[in-house]
Amino acid sequence: ASGANAEELVVTAEKALEPIGKAAKAYTLQCVSHAHIDMNWMWSWPETVSVTLDTFRTMLTLLDEFPEYIFSQSQASVYSLVEKYDPAMFEAIRRQVADGRWEVTASQWVEGDKNMAAGESICRHLLYTREYFQEKFGLKPEDIRLDFEPDTFGHPATLPSILARGGVRYYYHCRGSHGPHLYWWIGQDDSRILALNGMPWYMGAIEPKITDPLPEFCKTTGLKSLPVFYGVGDHGGGPTRRDLWKLREMDGWPIYPNVKCSKLQDFFVLAENEAAEVPEVRGERNFVFTG
């Protein structure tokens, strides 16, 4: 109505919806931040170096400004170039990793193609990446049990066997599947990895619509948590201050699920322990850009 007090209307509506709010708070949006960096898509290697350094400099600043913030980053290649071109930044990242504020999600040197690459190549990605993080960060293979592949266009049937033998337990992808959101992916030798088919997408901002997939995801998995991936990407960037301010604000909304910063591996551990009957899938997951 004209002249109505908006704040009073909000309070009245929230009071009327209080039972829904109590139900909503039984659910959690586990917000996993990252910066998607295409190593050599539409730019030169020097620009890749610049993008990575600029992005990580911003992430370190945000980690100082927001005590609750957690940043996740894959691709051993980006850590290696920071070590080479900005040793001081590399040391700052090592400290954040040791403190649990920076999650390493890399079991591969790059988020690379899996269809055209030979099995030997993928194995060497695992080998060199494991060696690198053991030497530089003191992280054993069991500390990094996931393979983060949001933008990989195809996932061959041989992959579960290769990854499982390399210490990978969890696999995240966004492209290449119209199947279950959470499933055991079974290899040709009966190796298994717990796979998450991301929904809605692997990049984006923190805004109210991040709850949209929650009912379907929780209904099909039996979980009460939904992983939400956020951050500017392709050309780096990562989360913004606006994302983190909004995350804080939305967590305080009474008629809304909990909104928390999270590590990706923490979600997978939760899912493995608490998900209802998880379907098994065999074969390739190549429904986008097949071959």
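Up top is the structure.
Only a predicted model underlies this, so the values are computations on that prediction, with no experimental measurement involved.

Q: Explain the overall build of the protein chain here, please?
A: The helix and strand tally for the protein chain stands at 10 helices and 10 strands. For the protein chain, whose C-alpha radius of gyration is 20 Å, the value lies close to the compact-globule estimate of 19 Å for 291 residues. Principal axes of the C-alpha set define a box for the protein chain whose edges measure 70 × 45 × 35 Å. Looking at the protein chain as a whole, 51% of its 291 residues qualify as buried. Side-chain charges of the protein chain comprise 29 positive and 40 negative groups, with the mean position of each set lying 3 Å from the other.

Q: How do you make sense of the packing of aromatic side chains when you look at a structure like this?
A: Two aromatic rings are characterised by how far apart their centres lie and by the angle between their planes. Across all of its chains, the model carries 21 aromatic pairs by this definition. The interplanar angle of 75 degrees and the centroid separation of 6.0 Å between the aromatic rings of Trp-41 and Trp-43 together place this pair among those described as edge-to-face. The exposure class assigned to Trp-43 is buried, which follows from its relative accessible area of 15%. Taken together, a centroid distance of 5.4 Å and an interplanar angle of 45 degrees make the contact between Phe-133 and Phe-137 tilted. Of this pair, Phe-133 and Phe-137 are both found in helix H6 (residues 119-137), four residues apart, which corresponds to roughly one turn of the helix. Since its relative accessible area comes to 1%, Phe-133 is described here as buried. Look at Phe-137 and you get buried, because its relative accessible area is 14%. One aromatic cluster in this structure is built from Phe-56, Phe-71, Tyr-79, Phe-90, Trp-102, Trp-109, Tyr-132, Phe-133 and Phe-137. Lying over the aromatic face of Trp-184, Arg-192 brings its terminal NZ or CZ to 5.1 Å of the ring centre. Here Lys-224 stacks its cationic end above the ring of Tyr-27, 5.5 Å away from the centre of that ring.

Q: Help me understand the pairing of strand E5 (residues 170-173), please; the structure alone is not making it clear to me.
A: It is a general feature of regular strands that their side chains alternate between the two faces of the sheet. Along E5, one buried face is formed by Tyr-170 and Tyr-172 and the opposite face, lined by Tyr-171 and His-173, is buried too. Handedness of the crossover joining strand E4 (residues 146-149) and E5 through helix H7 (residues 159-165): right-handed. One ladder, built from four bridges, connects E5 with strand E7 (residues 192-197); its direction is parallel. Within E7, the residue paired with Tyr-170 across the bridge is Leu-194.

Q: What exactly am I supposed to notice about the environment of Val-32 here?
A: Along the chain, Val-32 falls in strand E1 (residues 28-33). Distance in space between the C-alpha atoms of Val-32 and Ile-70 is 7.6 Å, their sequence separation being 38 residues. With residues up to four places along the chain from it excluded, the contact list for Val-32 reads Ser-72, Val-228, Phe-229, Tyr-230, Ser-262, Lys-263 and Leu-264.

What counts, and where the lines are drawn
- Here the residue index of a chain counts from 1 through its sequence in written order.
- Where local features are concerned, this predicted model is filtered to residues with pLDDT of at least 70; where side-chain atom pairs are given and counted, the filter is 80 or more; whole-chain, interface and lining totals use all residues.
- The side-chain figures draw on all heavy atoms in the structure; neither hydrogens nor water molecules are used.
- Only DSSP runs of H or I with at least four residues qualify as helices, and only runs of E with at least two residues qualify as strands; both kinds are numbered from the N terminus onward.
- Within these notes, the globule rule equals 2.2 Å times the number of residues to the 0.38 power, and the radius of gyration is based on C-alpha atoms.
- Buried, partly exposed and exposed residues are distinguished by accessible area as a fraction of the type maximum, computed with a 1.4 Å probe on protein chains only: under 20%, between the cut-offs, and over 50%, respectively.
- The sign given to each residue is positive for Lys and Arg and negative for Asp and Glu; His and the chain ends receive no count.
- Lysine's charge is taken at NZ, arginine's at CZ, aspartate's at CG and glutamate's at CD.
- Only the six-membered ring of Trp is used, alongside the rings of Phe and Tyr, when aromatic pairs are assigned; centres must lie within 6.5 Å, and planes under 30 degrees apart are stacked while those over 60 apart are edge-to-face, with the rest tilted.
- Think of it as a cone above the ring: NZ of Lys or CZ of Arg counts as a charge over the ring if it is within 6 Å of the ring centre and within 35 degrees of the ring normal.
- Look down the strands so they point away from you; if going from the first strand over the helix to the second traces a clockwise path, that crossover is right-handed.
- Strands are treated as partners if at least two bridges between them are detected by DSSP.
- The contact criterion used is simple: two residues touch if any of their non-hydrogen atoms lie within 4.5 Å.

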